[in-house]
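Residue-level structure breakdown
One-letter residues, chain by chain:
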Amino acid sequence: MARRAAGGAGPPGDDFSFVSPAVKYVLFFFNMLFWMISMVMVAVGVYARLLKHAEAAMACLAVDPAILLIVVGVLTFLITFCGCVGSLRENICLLQAFSICLTIVFLLQLAAGVLGFIFSDKARGQVTEIINGAIVHYRDDLDLQNLIDFGQKEFSCCGGISYKDWSQNMYFNCTTTNPSRERCSVPFSCCLRDTNETVINTMCGQGMQAMSYLEASAFIYTNGCIDKLVNWIHSNLFLLGGITLGLAVPQLVGILLAQILINQIRDQIKLQLYNQQHRTDPWY
């Protein structure tokens, strides 16, 4: 102990730790929260898929909301699992994996926003293809059907470009060989709302595709949902910016805390190695 007394101070002892409990457990509970949310997302997605008819589920796989829920849930589960275990066990490898994955997700979101803004025409084309695919499989998937009906009612629109896009669906198309009772019709969610109506008339869109725009506009929304969606985005840029910022802040906080904890763990390892090397030193 002579050297420590002569110098006035010495290296920290074995009971000292560079690792901050606050950083460690804040990061742990931060990841635990999103880990539990991800498990709920996966469970709901799997349950929704199991309820679907096998053939119908395979037919609309690309536009199935349940698949999106499962994919996002699994990715979130894996990332937050690394964060949970890495922070609790002070494992640098898991913390680095967590930090790298979160950084990649953040950069992908940023790139998607920038590319969507720069290539707005191509983005519009992709949205059109997705909506057309959803229209084709409207009757094949109850979840997809409810999602489309919700969108058409909220945005007061019908179809992609116009209400006649519903001819792409085998039940609603206007061909003379179509035996469906919904031939040349549109879904009830396209109909103009009657505030005095207590019971929803699900057949209100009957034969609307056979009418001209002017005639049909007295009964249904004739404008497509793509233009309505674009106009809504332009009118709510501040809201969308706030939502984007709200999603980005937790990611940046998680990356920052992970990097701080990694540096603290490395400092702690260096301290332990230093103490081990100098325990045999008679002047220590």
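The name given to the chain in an unreviewed UniProt entry is Tetraspanin, with Galbula dea as the source organism. UniProt annotates the chain under Sequence similarities (unreviewed entry) with the comment "Belongs to the tetraspanin (TM4SF) family."

**Describing the overall build of the chain**
Helix and strand content of the chain: 10 helices and 0 strands. Long-range pairs, those at least 24 residues apart, make up 70% of the contacts in the chain between residues at least 6 apart in sequence. By element, 68% of the accessible surface of the chain is carried by carbon and sulfur atoms, the whole surface being about 17,600 Å².

**Considerations on the packing of aromatic side chains**
Here the distance between the centres and the angle between the planes together describe a pair of aromatic rings. Under the counting rule described, the total for this entry stands at 10 aromatic pairs. Both rings, one in F30 and one in F34, keep their centres 5.3 Å apart while their planes meet at 55 degrees; by these two values the pair is tilted. Note that F30 and F34 are positioned in helix α2 (residues 21–51) at a spacing of 4 residues, about one turn of the helix. What makes F34 partly exposed here is its relative accessible area of 30%. Every member of this aromatic cluster is reached through a ring pair, and the members are W35, F77 and F81.

**Notes on the state of the cysteines**
Summed over all chains, the structure comprises 4 disulfides. The side chain of C157 participates in a disulfide bridge whose partner is C225; the two sulfur atoms lie 2.0 Å from each other. Residues C157 and C225 are joined by a disulfide whose S-S torsion is about 90 degrees; by sign, that bridge is right-handed. Taken together, the residues C157 in the loop between α7 (142–155) and α8 (213–216) and C225 in helix α9 (residues 225–235) connect sequence positions 68 residues apart.

**What about unusual backbone geometry?**
For E90, which is not a glycine, the phi torsion comes out positive at approximately 55 degrees. Following the sequence through the fold, E90 ends up in the loop between α4 (65–89) and α5 (92–118). Overall, E90 belongs to the partly exposed group, its relative accessible area being 30%. In the Ramachandran plot, C184 falls in the positive-phi region, its phi being about 65 degrees despite a non-glycine side chain. Within the fold, C184 resides in the loop between α7 and α8.

**Observations regarding the pattern of salt bridges**
For the structure shown, the criterion picks out 2 salt bridges. Of the charged contacts, one joins K24 and E90 as a salt bridge, the two residues approaching to 3.0 Å between their closest N and O atoms. In this pair, K24 is assigned in helix α2 and E90 in the loop between α4 and α5, connecting sequence segments 66 residues apart. Overall, the relative accessible area of 12% leaves K24 in the buried class. Ionic pairing is found between E182 and R139, a salt bridge with its closest N-O pair at 2.3 Å. Here E182, found in the loop between α7 and α8, pairs with R139, found in the loop between α6 (120–136) and α7; they are 43 residues apart in sequence, far enough to count as distant. You can call R139 partly exposed: its relative accessible area is 30%.

**Side note on the environment of L27**
Relative to the helices and strands, L27 is located in helix α2. C-alpha separation for the pair L27 and A258, spaced 231 residues apart in sequence, amounts to 7.3 Å.

**Observations concerning α4**
For α4, built from 25 residues, the straight-helix expectation of 36 Å at 1.5 Å per residue is met to within 8% by its first-to-last C-alpha distance of 36 Å. Turning to α4, its buried residues number three or more, namely A66, I70, G73, I79, T80, C82, G83, C84, G86 and S87. Looking at the buried residues of α4, the elements they touch are α2, α5 and α10 (237–278). Backbone geometry just after α4 places E90 at a positive phi near 55 degrees.

**Things to note about the packing of α4 against α5**
Two elements in contact, α4 and α5, have axes whose closest approach is 8 Å; the angle formed by their N-to-C orientations is 145 degrees. In this structure, the crossing between α4 and α5 has a hand that is left-handed. Counted together, I79, C82, G83, V85, G86 and S87 of α4 and L94, L95, A97, F98, C101, L102 and V105 of α5 form the full contact between these two elements. A class-by-class count of the residues in the contact of α4 with α5 yields 10 nonpolar, 3 polar and no charged.

What counts and what doesn't
- Residues numbered from 1 in each chain as written.
- Predicted model: local features only at pLDDT ≥ 70, side-chain atom pairs only at ≥ 80, totals over all residues.
- Heavy atoms only, no water.
- UniProt positions renumbered as here; feature names shortened; annotations may be inferred.
- Helix = DSSP H or I, 4+ residues; strand = E, 2+ residues; numbered from the N terminus.
- Contact = heavy atoms within 4.5 Å.
- Areas by Shrake-Rupley, 256 points an atom, 1.4 Å probe, with all protein chains shown as cover.
- Phe/Tyr/Trp six-rings, centres within 6.5 Å; stacked < 30°, edge-to-face > 60°.
- Buried < 20%, exposed > 50% of the residue type's maximum accessible area, 1.4 Å probe, protein only.
- Disulfide = S-S within 2.5 Å.
- Salt bridge = Lys/Arg side-chain N within 4 Å of Asp/Glu carboxyl O.
- Expected span 1.5 Å × (residues − 1).
- Axes fitted to C-alpha atoms, helices over the stretch in contact; angles between N-to-C directions.
- Left-handed = near helix turned anticlockwise from the far one by under 90°.
- Nonpolar A, V, L, I, M, F, W, Y, C, P; charged D, E, K, R; others polar.

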